[in-house]
Amino acid sequence: DTGVSQNPRHKITKRGQNVTFRCDPISEHNRLYWYRQTLGQGPEFLTYFQNEAQLEKSRLLSDRFSAERPKGSFSTLEIQRTEQGDSAMYLCASSLEMRVEETQYFGPGTRLLVL
Amino acid sequence: SQQGEEDPQALSIQEGENATMNCSYKTSINNLQWYRQNSGRGLVHLILIRSNEREKHSGRLRVTLDTSKKSSSLLITASRAADTASYFCATDPGGYQKVTFGIGTKLQVIP
């Protein structure tokens, strides 16, 4: 399978717990993105990596959120001390940087429910 | 914040009819992309149109772009029940700036 994969697909947690999601991009892609999507809305940008460098973080990404891409391959997104407002679908996408345009390929997402 | 704004937010048509969705945006772009999302799943890239292009076709999809009006439209011809999904436009300013998604149009095709 050469697509973007995300694990777990679903996560239910209690408020205050920490959660970690994993994204495995398409192997030759050097860019990796995290988005959050709530019901009835489009994906909202959280952060992105070019290789292992985290180049941009959204203001949506509070101090409780941290993302890493240690070897420029897979990435993890951790949410500490989860709140009910963190309940959403977390989407990962990867792309191959091109000078003119790039197409992002999305994973199936991790649906988080914070009780 | 979300730059693109799709119109209508919801659309219901009979199978075989054409579906048209519009997207308006605010800032200059390098390209505009359309994505489809089936219920509760990841997004699938449909088509990309560059800022110097006015129209593009891919199978039953036709996309137009009017940079003077900062708007784009996606036409799906001869719709099928399998086209039922949410459709999002995404604007790419180019360079190292991020792609920004709209809020989407929810399309229902009734068999």
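Relevant structure appears above.
What you see is a predicted model; the values in this text were computed from it and never measured.

> Help me understand the nonpolar core in this model?
Within soluble globular proteins, side chains that are nonpolar tend to cluster in buried spots. If you look at the biggest cluster of nonpolar residues, it comprises 21 residues, and the most contacted ones within it are M21(B), L32(B), W34(B), L74(B), I76(B), Y87(B) and L107(B). Where this core is concerned, the elements lending two or more residues are β3 (19-24), β4 (31-37), β5 (43-50), β7 (61-66), β8 (71-76), β9 (85-92) and β11 (105-110) of chain B.

> How do you make sense of the pattern of salt bridges when you look at a structure like this?
Opposite charge on two side chains makes pairing possible when the charged atoms of those side chains draw close. The final tally for this structure, using the stated rule, is 7 salt bridges over all chains. With its nearest N and O atoms 3.7 Å apart, the salt bridge here joins E53(B) to R50(B). Judged by relative accessible area, R50(B) falls into the partly exposed class, the value being 31%. A salt bridge links E55(B) to R62(B); the shortest N-O distance between them is 3.1 Å. When its relative accessible area of 41% is taken as the criterion, E55(B) is described as partly exposed. A relative accessible area of 29% means that R62(B) is categorised as partly exposed. One salt-bridge network, held together by shared partners, links R64(A), E83(A) and D86(A).

> Where do I start with the interface of chain B and chain A in this structure?
Reports often express the size of an interface as the amount of accessible area lost when the parts come together. On the side of chain A, 24 residues touch chain B, which itself brings 22 residues to the contact. Interface area for chain B against chain A, summed over the two sides, is near 1800 Å², with a carbon-plus-sulfur share of 48%. At the junction of chain B with chain A, the criterion picks out 0 salt bridges. Here chain B is connected to chain A by 2 residue pairs in polar contact (both at pLDDT 80 or more). Mapped by element, the contributors of at least two residues to the side of chain B that touches chain A are β4, β5 and β9 of chain B.

> Which parts of the structure should I look at to understand the state of the cysteines?
As used here, a disulfide is simply a covalent bond connecting the sulfur atoms of two cysteines. Residues and elements named next belong to chain B. All told, the structure shown has 2 disulfides over all chains when counted by the stated rule. Across the disulfide, C23 is cross-linked to C89 (sulfur-sulfur distance 2.0 Å). One quick way to see it: the torsion about the S-S bond of C23 and C89 is about 65 degrees, and its sign makes the bridge right-handed. On the criterion of sequence distance, the pair formed by C23 in strand β3 and C89 in strand β9 is long-range, its members being 66 residues apart. A single burial state applies to C23 and to C89, both of which are buried.

> I keep staring at the environment of T20(A) and nothing clicks. Help me out?
With respect to the helices and strands, the residue T20(A) is situated in strand β3 (residues 19-24). What makes T20(A) partly exposed here is its relative accessible area of 46%.

> Please clarify how the sheet that holds strand β7 (residues 65-68) of chain A should be interpreted in this entry.
Two orientations exist for strands paired in a sheet by backbone hydrogen bonds: parallel and antiparallel. All names here are of chain A. Reading across the sheet, the 4 strands line up as β1-β3-β8-β7 and stay open at both edges, with antiparallel pairing between neighbours. Lying at the two open borders of the sheet, with one neighbouring strand each, are β1 (5-7) and β7. When the angles between neighbouring strand axes are averaged without regard to direction, this sheet yields 15 degrees. Of the strand pairs in this sheet, β7 and strand β8 (residues 75-79) are connected by 4 bridges, and their pairing is antiparallel. Considered in β8, the bridge of A67 is made with L77.

> How should I be thinking about the sheet that holds β3(B) in this particular structure?
All names here are of chain B. Here we have 5 strands laid out as an open sheet, ordered β1-β3-β8-β7-β6, and antiparallel in their pairing. On the outer flanks of this sheet lie β1 (5-7) and β6 (55-58), each paired with one strand and no other. Averaged over neighbouring strand pairs, the angle between their axes works out to 20 degrees when direction is ignored. Bridge analysis of β3 against β8 gives 6 bridges, and the strand direction is antiparallel. Within β8, the position partnered with A19 by the bridge is I76.

> Explain unusual backbone geometry to me, please; I cannot follow it from the model alone.
A cis geometry characterises the amide bond from N7(A) onward to P8(A), with omega recorded as -10 degrees. Tracing the backbone shows P8(A) in the loop between β1 and β2 (10-13). Going from D7(B) to P8(B), the amide bond is cis rather than trans, its omega being 0 degrees. Although it is not a glycine, R81(A) sits at a positive phi angle of roughly 50 degrees. Looking at where R81(A) falls in the secondary structure, it is placed in the loop between β8 and β9 (88-95). Relative accessible area serves as the criterion here: at 47%, R81(A) is assigned to the partly exposed category. The phi torsion at K70(B) lies on the positive side, around 50 degrees, for a residue other than glycine. For K70(B), a relative accessible area of 29% corresponds to the partly exposed category.

Cut-offs and rules
Residues numbered from 1 in each chain as written. Chains lettered and ligands numbered in written order. Predicted model: local features only at pLDDT ≥ 70, side-chain atom pairs only at ≥ 80, totals over all residues. Heavy atoms only, no water. Core = buried A, V, L, I, M, F, W, Y, C linked by side-chain atoms within 4.5 Å. Buried < 20%, exposed > 50% of the residue type's maximum accessible area, 1.4 Å probe, protein only. Helix = DSSP H or I, 4+ residues; strand = E, 2+ residues; numbered from the N terminus. Salt bridge = Lys/Arg side-chain N within 4 Å of Asp/Glu carboxyl O. Contact = heavy atoms within 4.5 Å. Buried area = accessible area lost by both parts, 1.4 Å probe. Polar contact = N/O pair within 3.5 Å; in protein donor to acceptor, adjacent residues only side chain to side chain. Disulfide = S-S within 2.5 Å. Pairing = 2+ DSSP bridges. Axes fitted to C-alpha atoms, helices over the stretch in contact; angles between N-to-C directions.

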